[in-house]
2 protein chains.
Amino acid sequence: MAEANQLSLNTATVSRQWNLAQCVEGCLRHGFGGISPWRDKLQEAGVAEGARLIRQSGLGVSGLCRGGWYTAEGALTPAVLEDNRRAVDEAAAIGAACLVMVVGGLPKGSRDIDGAREIVTEGLARTLDYAREVGMPIALEPLHPMYAADRACVNTTGQALDICDRLGEGIGLALDVYHVWWDPELKAQIARAGRERLLAFHICDWLVPTRDLVLDRGMMGDGVIDIDGIRAAVEARGFDGLLEVEIFSDANWWERDPDEVLSIIVERGAALA
Amino acid sequence: MAEANQLSLNTATVSRQWNLAQCVEGCLRHGFGGISPWRDKLQEAGVAEGARLIRQSGLGVSGLCRGGWYTAEGALTPAVLEDNRRAVDEAAAIGAACLVMVVGGLPKGSRDIDGAREIVTEGLARTLDYAREVGMPIALEPLHPMYAADRACVNTTGQALDICDRLGEGIGLALDVYHVWWDPELKAQIARAGRERLLAFHICDWLVPTRDLVLDRGMMGDGVIDIDGIRAAVEARGFDGLLEVEIFSDANWWERDPDEVLSIIVERGAALA
């Protein structure tokens, strides 16, 4: 089982219902061990005020979501690089364990996914230079291949680790079971990653059927992902961070009373192996 | 470019509009080089009558879609194995270049994807025993990871080739750009496959945005897949089969006049590199 204090609430899970202050209060009310805000929630609160709220709460901060989007303007423009520096600063301001990176998909009008991957790798290198100065770990998140075109062209754990190996220290993985559960190489790549590269672990579930490519994630236990098995694999390598719950759910969880959502998360955490 | 006579019509592309006889006539009218029927269309026509129609047309037959579904009953039941023998027989009856295999996802209620993959591999081995007797090549189709749960737990070209290597001769790949375009290992795995394992090549496109996980495929040129690059890679290994066009499109192509659809396919073929 996972106790509530081993869980972290990714604010996306209740993004329609709660602002950052409400998320912090909700986490405390339900005994969560941590929080992982999205930048829009943090910026809405004001970064300084949001950081104060979070630090004062005593909650762990399993990550800040999200930097990246290196291909958004088709090349590494100053605006893209500057936004990622700001993301590093924001992650440091809230005391995040890492800055999670959703790297961006194909540039508009492009069919060159190899080229997109080169832009992304160079962008990560540039952000990493700064993140190392600040001491903020960069957590590269491989996204499900169904997002290769429009969200992230890093799509497997092995590919993400190849990039980490190319870039050296200070960068590792944010592994979300939703993105990686299907991968025949997953367990081998988790072993390859080892403790040093395992920076964040996100949980939710894959529903059958899945009715939307983005906004139909399931609550743990409602789908087909072997969460226990994947968790055991990351913990076997020494990962001891929080289990971060990140659920985008237009038609279900975003429509519910958020206190009910957090209660059910705690129940489902308790039901894990 | 691809001439019309290098193209094959997968009947799924006009499945709502045309029966098998109409598909055959349409292929002839538009100068297609071949056809690839789905089993439901073939069975609707009657296998013997459908086979007569196809053989009389002189069209090439790039494949029969589809055998597989080994996990449909949770284990390799006699019914599942028998249906696959029938599929082999049907493929032979129509003179298909191969029998395409969509292997099935997780058994109902299961989260054991490794177990599903073992069932599938054993099922393929059983069908292959029979297919070798008949001389019908088995074309294992890796499906996009978004179908791992409910359609096919073979999800990358590398994984499919690992299974082929385990099973030996008489089995290879049906590569559909829709399923594999995102894979960072794709080109390397195509090289690994070589001519002998490259049995079928399917084309369509990945739309941005994609509005449905199954029924929103795009026409070549309307999406982001580097079809030319992938085709060049398979042809560099010696593949000289037809380019099979398979588009599931609930809201667009299935709603159009099928003669218009075939005309546009021929135009888009001509626009390939």
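What counts, and at which threshold
- Residues numbered from 1 in each chain as written.
- Chains lettered and ligands numbered in written order.
- Predicted model: local features only at pLDDT ≥ 70, side-chain atom pairs only at ≥ 80, totals over all residues.
- Heavy atoms only, no water.
- Helix = DSSP H or I, 4+ residues; strand = E, 2+ residues; numbered from the N terminus.
- Rg over C-alpha atoms; globule rule 2.2 N^0.38 Å.
- Buried < 20%, exposed > 50% of the residue type's maximum accessible area, 1.4 Å probe, protein only.
- UniProt positions renumbered as here; feature names shortened; annotations may be inferred.
- Arc of directions from axis to C-beta.
- Polar contact = N/O pair within 3.5 Å; in protein donor to acceptor, adjacent residues only side chain to side chain.
- Pairing = 2+ DSSP bridges.
- Contact = heavy atoms within 4.5 Å.
- Axes fitted to C-alpha atoms, helices over the stretch in contact; angles between N-to-C directions.
- Right-handed = clockwise from strand over helix to strand, strands pointing away.
- Salt bridge = Lys/Arg side-chain N within 4 Å of Asp/Glu carboxyl O.
- Parallel < 35°, antiparallel > 145°, perpendicular 65-115°, else oblique.

Caption draft 1: Just the overall build of chain A, in detail. Within chain A one finds 10 helices and nine strands. Taking 19 Å as the expected radius of gyration for a compact globule of 273 residues, we find that chain A reaches 17 Å, a close match to that expectation. If one aligns the C-alpha atoms of chain A with their principal axes, the spans along those axes are about 45 × 40 × 35 Å. Evaluated residue by residue, chain A yields a buried proportion of 60% over its 273 residues.

Caption draft 2: Summary view of the UniProt feature "domain: Xylose isomerase-like TIM barrel" (unreviewed entry) in chain A. On the UniProt side, "domain: Xylose isomerase-like TIM barrel" (unreviewed entry) is annotated at positions that read residues 28–257 of chain A here. Counting secondary structure, residues 28–257 of chain A comes out at 41% helix and 14% strand; the distance between its end C-alpha atoms is 16 Å.

Caption draft 3: Fine view of helix α1 (residues 20–29) of chain B. Residue and element names in this part refer to chain B. Three or more residues of α1 are buried, namely L20, C23, V24, G26 and C27. Buried residues along α1 cover an arc of 165° about the axis, so they all sit on one side. With a side-chain oxygen lying 3.1 Å from the backbone nitrogen of A21, the N-terminal cap of α1 falls on N19. Downstream of α1 by one or two residues, G31 has phi in the positive range, about 75°.

Caption draft 4: Highlighting the sheet that holds strand β2 (residues 34–36) of chain A. All names here are of chain A. Pairing is parallel in the open sheet, where nine strands are placed in the order β3-β2-β1-β9-β8-β7-β6-β5-β4. The outermost strands of the open sheet, each flanked by one partner alone, are β3 (60–61) and β4 (64–68). When strand β5 (residues 99–102) meets strand β6 (residues 138–140), the two strands line up parallel, connected through three bridges. Paired with L99 across the bridge in β6 is I138. Contacts from helix α1 (residues 20–29) reach β1 (7–10) and β2, with the element oriented near 155° to β2.

Caption draft 5: Structural detail: the pairing of strand β7 (residues 171–176) of chain B. All names here are of chain B. Extensive coverage of β7 is indicated by the burial of six of its six residues. In the sheet, strand β6 (residues 138–140) pairs with β7 via three bridges, with the strands oriented parallel. Bridging from a neighbouring strand, I138 pairs with I171 of β7. Since β6 and β7 lie parallel, the crossover through helix α6 (residues 157–167) that links them has a hand, and here it is right-handed.

Caption draft 6: Broad picture of the pattern of salt bridges. Residues and elements named next belong to chain A. Scanning all chains against the criterion turns up 42 salt bridges over all chains. Between E122 and R126 there is a salt bridge; the shortest N-O distance is 3.9 Å. Of this pair, E122 and R126 both sit in helix α5 (residues 113–134), four residues apart, which is roughly one turn of that helix. The network of salt bridges with shared partners includes R39, E82, D83, R86 and E90.

Caption draft 7: Broad picture of the packing of α1(B) against helix α3 (residues 47–57) of chain B. All names here are of chain B. At a minimum axis separation of 10 Å, α1 and α3 run at an interaxial angle of 5°. Considered as vectors, α1 and α3 are oriented roughly parallel to each other. Side by side, α1 and α3 meet where L20, A21, V24 and L28 of the first sit next to G50, L53, I54 and S57 of the second.

Caption draft 8: Up close: the sheet that holds strand β2 (residues 34–36) of chain B. Residue and element names in this part refer to chain B. What the nine strands build is an open sheet, ordered β3-β2-β1-β9-β8-β7-β6-β5-β4; its pairing is parallel. Of all strands in the sheet, those with a lone pairing partner are β3 (60–61) and β4 (64–68), marking the two edges. The sheet contact formed by β4 and strand β5 (residues 99–102) spans four bridges and is parallel. The residue of β5 that forms the bridge with G67 is M101. Its contacts with the sheet place helix α5 (residues 113–134) against β5, β6 and β7, and it is angled at close to 155° to β6. Sheet strands touched by helix α8 (residues 186–197): β7 and β8 (198–203). Its angle to β8, the strand with the most contacts, is close to 110°.

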